[in-house]
Each structure stands twice: as C-alpha cells, then as structure tokens.
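So the chains spell out like this:
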Amino acid sequence: MNAAPVESLPAPPENGLSFVAEIGNLLHAAEGNPINTCIQCGTCSATCPVASGGFMDHSPRRIIALIRAGFKDQVLRANTFWYCASCFQCTVRCPRGIDIAELMYGLKRYTVWKAQHQEGLIGPVFSETFVKMILRSGRSYEPVLATTYLFTYGLPEIIQEAQTATALMLKGRLPLLPARIKRLDNFKRMIRRIIPLGDSE
Amino acid sequence: MKTYAYFPGCSLEKMAHSYHLSALETTRALGVELRELEDWNCCGATAYFHVDELLAYTLSARNIAMAEKEHLNLVAPCSGCFKNLFFTRSHLKHDPDLAEHINVALAEDNLQFTGSATVQHLIEVFVQDVGLAEIKARVTNPLQGLRVAPYYGCQILRPRKDHEDVEQPRFFEDLVAACGAVPVSYPLRLTCCGGALIITNRVAALSLVRNLLESAVRERATVIVTACPLCQVNLECYQKQVNREFGTDLNVPVMYFTQLVGLALGIPPKRLGIGSELVAVMPAIADAQKTEPAPVGT
C-alpha cells in the first residue's frame, strides 16, 4: 500500500464532467461534506483497521487524493472500497466531517453499475447474489451464498470452511431449508415499484 | 409490562438461535415483552447498499412500517439490522420526497411509513429503558470474580455522530458490573471484528479477529460478551481458522450479553441456549469463579 502505482495520466473527463464532479454527484444526498474539503490528514487511513493491516492497495486518504487528481481508472480498479468493513470509524473521526464510509459505498455502487470493478474480487459477486436471494424469498439463506466464494478458495481453506460448517451443523446452527416470507407476492410487487426486474421469475 | 415490536433478523433464526432464546427469556424476566413482527423481511445487511440504495431503504422501511401498524416501537438484537433500520428511519424522516417515493412501493403491501415508531438496539432496552438499577435489583446469581470483556463492535455506536459516548462508551461495562461480574478494559473493545469481510476477504477478517481476541486475552478476560450475532460468529466460530492461519492458540468463549444477564438473573443455562457454542462457555465460567476470588467492593 506504499508505492504509488501511477501508470497513466488522469483520464480525460467524459461529457465534460470531471471524475471528482461525478463522485460529488454520487454523494449528493449524503449528509457529509464534499471530498474537496479533505485536508489529507490521514486520520481515516490510520483509524481504518483494514488499511492499517496492509490489506488495501490504496488507503482511504489516497483514494480521495486520486479522485481529486482525476485518476479514475486507478480508483475504480482499487480493492479499497470492496475491503471496507463498514465499521464507520473513518466517518466518525474525520475532522472535516466527510462521510468516508458512504464514499466507499458510493464507489461500490458505481463500479457495480458500470461493471468496472477489479477482477477476482468476491465482494461484487457476493453482494449481487445476496440481493437476488432476498428478492426471491425475502429472507437470507447462508448455503446459497457459499457458492459465491468457495470457488476462489484453495483446498486447505475449503477443508477449514467444511470443518467449521460441520461443527455448526452438529450444534444445530445451520439452516437446512431456506425460509421465506408469507406475503411474498405483495413483496415482489413492492420491489417492482423500485427497480425493474423483468418477467422471467 | 412494556411491549416492543421485535425484529429478530435472519441470523437469529438459526446461526444465533441462542441469542433469540436468551433475548426472550431475559426480557420476560425483566417485565418486557418482545412481540415478533409477523412477516418481517431481511434487512439487507450491507449488500443492498452495495447495489441500490433506494431498494435498501424500501426493504428496511417495510419492517418499520409493520411496527408502526402495531403502534409499537421497534427493537433489533443484531447490530447490522439495527443500523439499517435506524438510518432508514432517520433518512426517511428527514427526506419527505424519499419517503413519498418509498410509500408508493409500500402501498403494494398495504403499508405506510410515517416515522412514528422509534428504532432501538436490544441492549438499549436493557440499559436505558429497563435500567441498570432495576437489573441489578433482580440479580439472584451475581457472577462474582468472572472477568468479562464487553465487545461493543461497530454499529451500535457508529456512525451516530450525535451520540455523546461514541468514543468512550461505558454502558456495556456498567451492564457487566450490574451482573456482578468484573468488566475487563482492553484496547480493541470498539474496533471492528471484520465480520462483514469474513466471506469477501477472509485473511483480512481473520487477522482482525486475531487482534481482537488477543487484546481481550492479554487483559485476562475469561469470556467475551457481544451484542451482535455477526460479531459472535466471527469471534467464536472462526477461532480454529485463526489458530491455523497464524499459529496462535486461542480458545476464548464468546457469549451474548443476554446470556450473561440471564445467568445473573438465575435462569438455567439451557433455557438461554447455552450449549450450542463451539467454545464451551459454562466450564470456563465455573473455572474462573473457582480460581479467582471476588474483588472487594464489587
């Protein structure tokens, strides 16, 4: 997370809208201050347990710097926002009142919509599978979700996951059948008022 | 008897069934009724917000609107559910256009959001509504000498910036003390356990779990107590994987605050769902109370 992998110049703005303005629009409804007010103090990065563990390729502070400098491709391809654990420590501690966790959510949505996220990440696939599962039944069912990540694991991790699952099963802590809500028809009509789903289901 | 609409959330159906059982047992003993929402749907965890914000608000709003229909305030035992429901309510209350849009969708299920029902985490019902003095007065089995590490996690505290004790909260320590146990102070009590990453970035999550468990063990905690099913599963069920990954030798029981309160109230462990953990709770508690004399004055 230290060396700056700046392999290309900032991308030219699309339709006259700079990247920082696009991100500004993305966070239009958020309560925090715009990222232009960031003073690059690094409180967010220091307080982030994932960044300080060295797991992010750009720290939150650097993501903000890259956005402001227009490095769109580098930002969208970063793993930073997909590795955000939603602990909100950055948001609470930012001395400029920027809602940094909300910025991470905004970047996740942006890359999901545009299908521009880094290859090989589990996060985007997991989120989309989760949402589709809820839209079908109204409730979560853990075994469906396992398919989204087990294929990325090596054999030792798969064995460890299987051992944990077996132990939980023996204690009666894993569901055998998926649950579903009762007023599912109403629920699905409600969803269609918000997002178009198509008629295949 | 004070009555609340109760939103258990998907985890409490199976994975955290002991939290469900102990929540119902202890609230009953404290004169509180939790009435489960009749047809609640998943709050969406963090995944909805990764894909579509409006959809995320709608799904949480359906649960809030059902509580409003019952004329009850809403309580969630899971910190993730609580955060989603709490912020959905506050956004919808402050943005009438958003509320109007979402109400068009809710009408399909004959529901309306008005903002009349409040949203609380279950631990707030214990600490604020029932009150620590009342809990202390009802303790029949004080857990003397038991060293308990209260783990706040993230979402019962953050991102509520208006909340005064977001950096230095005391309520969980005070609740532990009300049960007669010794609250252990340890540096990572407010730090994220990585629960949201256990699937999407396994090594990062395991590393956060390791830091947290070691932080509590270093201060000689016998047991860690949580207020969230995702924290509990992450801290307890992945200990073996943490040990394998980092060569550590961690074996700390992690229980729900409702189980701790239940034991102090004299409720039999089995009725609190104790026995379904992967790291056994009761032997550790029995050992600790045998070896450690109760400190004077607590």
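S.K.: Give me the lowdown on the pairing of strand β2 (residues 32-36) of chain B, citing residues and values where you can.
M.R.: Residues and elements named next belong to chain B. Pairing geometry for strand β1 (residues 2-6) and β2, over five bridges, is parallel. Looking at β2, one finds that Tyr 6 is bridged to Glu 36. As for the winding sense of the linkage, the β-α-β connection from β1 through helix α1 (residues 17-29) to β2 is right-handed.

S.K.: Got a sec to walk through the domain arrangement of chain B? Specific residues and values, please.
M.R.: Residues and elements named next belong to chain B. By the assigned domains, chain B splits into domain 1 (2-121) and domain 2 (140-291). A straight line from the C-alpha centre of domain 1 to that of domain 2 covers 25 Å. Listed per partner, the contact involves 20 residues of domain 1 and 23 residues of domain 2. Listing elements by their share of the side of domain 1 that touches domain 2, those giving two or more residues are α1 and α4 (79-94). If you tally residues by element for the side of domain 1 that touches domain 2, the top one is α1, at nine residues. Residues belonging to the side of domain 1 that touches domain 2 are distributed by class as follows: nine nonpolar, nine polar and two charged.

S.K.: So what's going on with the interface of chain B and chain A? Residues and values would help.
M.R.: By a widely used convention, the size of an interface equals the accessible area lost when the partners come together. Contact residues are listed per partner, giving 50 residues for chain B and 52 residues for chain A. Secondary-structure elements contributing two or more residues to the side of chain B that touches chain A are α2 (47-51), α3 (53-69), α5 (96-106), α8 (202-218) and α10 (239-246) of chain B. By residue number, the principal contributor to the side of chain B that touches chain A is α2 of chain B, which donates five residues. Within the side of chain B that touches chain A, the residues separate by chemical class into 25 nonpolar, 13 polar and 12 charged.

S.K.: I'd like to hear about the pairing of strand β5 (residues 147-151) of chain B, residue by residue, with values.
M.R.: Residues and elements named next belong to chain B. Summarising burial for β5: four of the five residues are buried, a large majority. Relative to strand β6 (residues 182-183), β5 is paired through two bridges, and the arrangement is parallel. The residue bridging Val 148 from the neighbouring strand is Pro 183, located in β6.

S.K.: Please provide a residue-by-residue account of the domain arrangement of chain A, values included.
M.R.: According to the domain assignment, chain A consists of domain 1 (19-114) and domain 2 (122-194). Summarising the inter-unit geometry, the C-alpha centres of domain 1 of chain A and domain 2 of chain A are found 28 Å apart.

S.K.: Give me the sheet that holds β2 of chain B: which residues, what numbers.
M.R.: All names here are of chain B. With respect to topology, four strands assemble into an open sheet ordered β2-β1-β3-β4, the strand pairing being parallel. The outermost strands of the open sheet, each flanked by one partner alone, are β2 and β4 (119-121). Between one strand axis and the next, the sheet turns through 40° on average, direction left out of account. Where strand β3 (residues 74-76) and β4 come together, three bridges link them in parallel fashion. By the bridge assignment for β4, Ala 76 is matched with His 121.

S.K.: Would you mind going over unusual backbone geometry in detail, with residue names and values included?
M.R.: Glycine aside, a negative phi is what most residues show, and trans is what most peptide bonds show. Omega for the bond connecting Arg 158 of chain B with Pro 159 of chain B falls within 30 degrees of zero, at 0°, which places this linkage in the cis form. Structurally, Pro 159 of chain B can be placed in the loop between β5 and α7 (171-178). In the Ramachandran plot, Gln 40 of chain A falls in the positive-phi region, its phi being about 55° despite a non-glycine side chain. Considering the arrangement of structural elements, one finds Gln 40 of chain A in the loop between α1 (19-26) and α2 (43-47). If you check the backbone angles, His 71 of chain B has positive phi at about 60° while not being a glycine. Turning to its location among the elements, His 71 of chain B is positioned in the loop between α3 and β3.

S.K.: If you had to explain the packing of α8 of chain B against α10 of chain B to someone new, which residues and values would you point to?
M.R.: All names here are of chain B. Contact pair α8 / α10: the axes reach a minimum separation of 10 Å and the direction vectors enclose 100°. When the interaxial angle is binned, α8 and α10 end up roughly perpendicular. Between α8, through Leu 206, Val 209, Arg 210 and Leu 213, and α10, the contact on the second element is made entirely by Gln 239, Gln 241, Val 242, Glu 245 and Phe 246. Here the contact of α8 with α10 is built from residues that sort into five nonpolar, two polar and two charged.

Here is what the cut-offs are and how they apply
Just so you know, the residues in each chain are numbered from 1, in the order the chain's sequence is written. Both sets of labels track the order of writing: A upward for chains, 1 upward for ligands. Residues qualify for local features only when their pLDDT is at least 70, as the model is predicted, and side-chain atom pairs are given and counted only at 80 or more; totals for whole chains, interfaces and linings, by contrast, use all residues. When DSSP locates at least two bridges between a pair of strands, those strands are taken to pair. A run of DSSP states H or I qualifies as a helix once it reaches four residues; a run of E qualifies as a strand once it reaches two. Both are numbered from the N-terminal end. Seen with the strands pointing away from the viewer, any crossover whose path from the first strand over the helix to the second strand runs clockwise is right-handed. Domain start and stop positions are those given by an automatic or database domain assignment. A pair of residues counts as a contact when their C-beta atoms, built from backbone coordinates, are within 7 Å of each other. In this count, Pro and Cys sit with the nonpolar residues alongside Ala, Val, Leu, Ile, Met, Phe, Trp and Tyr, while Asp, Glu, Lys and Arg are called charged and the others, Gly among them, polar. Three classes are used. A residue is buried when 20 or more other C-beta atoms lie within 10 Å of its own, exposed when 12 or fewer do, and partly exposed in between, with C-beta atoms placed from the backbone. Axes, fitted as lines to C-alpha atoms, cover a helix only where it is in contact. Angles between the N-to-C directions of the axes lie from 0 to 180 degrees. Angles below 35 degrees are treated as roughly parallel, those above 145 as roughly antiparallel, those between 65 and 115 as roughly perpendicular, and all remaining angles as oblique.

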